[in-house]
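Here is how the chains run, residue by residue.
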Amino acid sequence: MLNSYLTSTIKQFEYYKLLGDKTIMQLSYDDLKKEFAQDSNSIAIIVKHLVGNMLSRWTNFLTEDGEKEWRQRDQEFIDNFHSKEDLLQAWNDGWNCLFSAIKPLSKTNLEQIIYIRNEGHSVTEAINRQMMHYAYHVGQIVFIGKLIKGEHWPSLSIPKGQSKVYNKDKFQQDKSLKHFTDEL
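Right, let's walk through the structure included here. (Residues numbered from 1 in each chain as written. Predicted model: local features only at pLDDT ≥ 70, side-chain atom pairs only at ≥ 80, totals over all residues. Heavy atoms only, no water.)

### Concerning the environment of Lys178
Then, in step 1: Mapped onto the elements of the fold, Lys178 is located in the segment after α6 (163-171).
Then, in step 2: Considering only alpha carbons, one finds Lys178 and Ser42, 136 residues apart in sequence, at a separation of 35 Å.
Then, in step 3: For Lys178, the contacting residues outside a window of four places in its chain are Gln173 and Glu183. (Helix = DSSP H or I, 4+ residues; strand = E, 2+ residues; numbered from the N terminus. Contact = heavy atoms within 4.5 Å.)

Here's what the structure looks like:
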């Protein structure tokens, strides 16, 4: 069970990164900077915040507090990307930091206590906390991307009106034990 938790965790994080990747790739630099209301966050700002959080939380994950002294959280809400490539480099740097921290973990690490702002968490709790935080923000990224693309948005899941076809295909396959992202 514990090994399946770590494997599933990595696959879930990869899935959320993929959703963000697929959204960012179909948008222009101007699209990524679009804000729908005053003081709302553009995709660029959400990416900057996620990256700041990832670098802080996952750098020296097991040995240092997850809220690093060098983190400037308030600055994460000021878009200063100069290009789409700049944004993508930051996005990938954040995810690479996360994966470098969690891929070497073993089941013996899961009950170890780590701290975020001096609050103790088991490694499992810290992973879950961050996964939900990232899922929340990646959902925002996808939703904003969908608003921007409108009718030209390619579905990232089962398209509307296609559930019966999708389910029919799934139920024609043999039962198997796998992660839902294995087909992606």
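### Side note on the packing of aromatic side chains
Then, in step 1: Throughout the structure, instances matching the rule amount to nine aromatic pairs.
Then, in step 2: Taking 6.1 Å as the distance between ring centres and 85 degrees as the angle between the ring planes, the aromatic pair formed by Phe13 and Trp58 counts as edge-to-face. With Phe13 in helix α1 (residues 2-25) and Trp58 in helix α3 (residues 43-58), this residue pair connects regions lying 45 residues apart in the sequence.
Then, in step 3: With relative accessibility at 0%, the residue Phe13 sits in the buried group.
Then, in step 4: For the ring pair Tyr15 and Phe180, a centre distance of 5.1 Å and an interplane angle of 75 degrees mean the geometry is edge-to-face. With Tyr15 in helix α1 and Phe180 in the segment after α6, this pair connects stretches of sequence that are 165 residues apart.
Then, in step 5: The buried category is assigned to Tyr15, whose relative accessible area is 17%.
Then, in step 6: Taken together, the aromatic side chains of Phe13, Trp58, Phe61, Trp91, Trp95, Phe99 and Tyr134 make up a single cluster linked through ring pairs. (Phe/Tyr/Trp six-rings, centres within 6.5 Å; stacked < 30°, edge-to-face > 60°. Buried < 20%, exposed > 50% of the residue type's maximum accessible area, 1.4 Å probe, protein only.)

### Some thoughts on the nonpolar core
Then, in step 1: Grouped together as the largest cluster of nonpolar side chains are 44 residues, with contacts concentrated most on Phe13, Val47, Trp58 and Phe61.
Then, in step 2: At the level of elements, α1, α3, α4 (84-102), β1 (113-116) and α5 (123-149) are the ones that each hand at least two residues to this core.
Then, in step 3: Beyond its immediate sequence surroundings of up to four residues, Val47 is in contact with Ile24, Phe81, Leu87, Trp91 and Ile141. (Core = buried A, V, L, I, M, F, W, Y, C linked by side-chain atoms within 4.5 Å.)

### Looking at α5
Then, in step 1: Relative to the 39 Å expected for 27 residues at 1.5 Å per residue, α5 spans 38 Å between its end C-alpha atoms, a close match to the ideal helical length.
Then, in step 2: Positive phi shows up at Gly150, right after α5, with a value of about 55 degrees. (Expected span 1.5 Å × (residues − 1).)

### What to know about a nonpolar patch on the surface
Then, in step 1: On the surface, a nonpolar cluster with roughly 320 Å² of combined accessible area is contributed by Phe36, Phe143 and Leu147.
Then, in step 2: Considering the arrangement of structural elements, one finds Phe143 in helix α5.
Then, in step 3: Accessibility expressed as a relative area gives 52% for Phe143, which makes it exposed. (Patch = residues over 30% accessible without salt bridge, like charges linked within 9 Å, V, L, I, M, F, W, Y side chains within 5 Å. Areas by Shrake-Rupley, 256 points an atom, 1.4 Å probe, with all protein chains shown as cover. Salt bridge = Lys/Arg side-chain N within 4 Å of Asp/Glu carboxyl O.)

### Considering the pairing of β1
Then, in step 1: Along β1, the buried face is formed by Ile114 and Ile116; none of Ile113 and Tyr115, which line the opposite face, is buried.
Then, in step 2: Alignment of β1 against strand β2 (residues 119-122), held across four bridges, turns out to be antiparallel. Across the sheet, residue Ile116 finds its bridge partner in β2, namely Glu119.
Then, in step 3: Here β1 folds back onto β2 in antiparallel fashion, the turn holding two residues, of which Arg117 has a positive phi close to 55 degrees. (Pairing = 2+ DSSP bridges.)

### Focus on the pattern of salt bridges
Then, in step 1: Within this structure, the stated rule accounts for seven salt bridges.
Then, in step 2: Two residues, Asp21 and Lys17, come together in a salt bridge whose shortest N-O distance is 2.9 Å. Residue Asp21 and its partner Lys17 are located together in helix α1, separated by four residues, close to a single helical turn. Exposure class is identical for Asp21 and Lys17. Each is buried.
Then, in step 3: Three or more residues are tied together by salt bridges with common partners; here these are Arg57, Glu67, Arg71, Glu76 and Arg117.

### Re the packing of α3 against α5
A packed helix pair is summarised by two numbers, namely the angle formed by the two axes and the spacing between the axes.
Then, in step 1: At a minimum axis separation of 10 Å, α3 and α5 run at an interaxial angle of 165 degrees. When the interaxial angle is binned, α3 and α5 end up roughly antiparallel. In this structure, α3 crosses over α5, and the sense of that crossing is left-handed. Contacts between α3 and α5 pair Ile43, Ile46, Val47, His49, Leu50, Asn53, Met54, Arg57 and Trp58 from the former with Ile127, Arg129, Gln130, His133, Tyr134, His137, Val138, Gln140, Ile141, Ile144 and Gly145 from the latter.
Then, in step 2: Looking at the contact of α3 with α5 residue by residue, the class counts come to eleven nonpolar, seven polar and two charged. (Axes fitted to C-alpha atoms, helices over the stretch in contact; angles between N-to-C directions. Parallel < 35°, antiparallel > 145°, perpendicular 65-115°, else oblique. Left-handed = near helix turned anticlockwise from the far one by under 90°. Nonpolar A, V, L, I, M, F, W, Y, C, P; charged D, E, K, R; others polar.)

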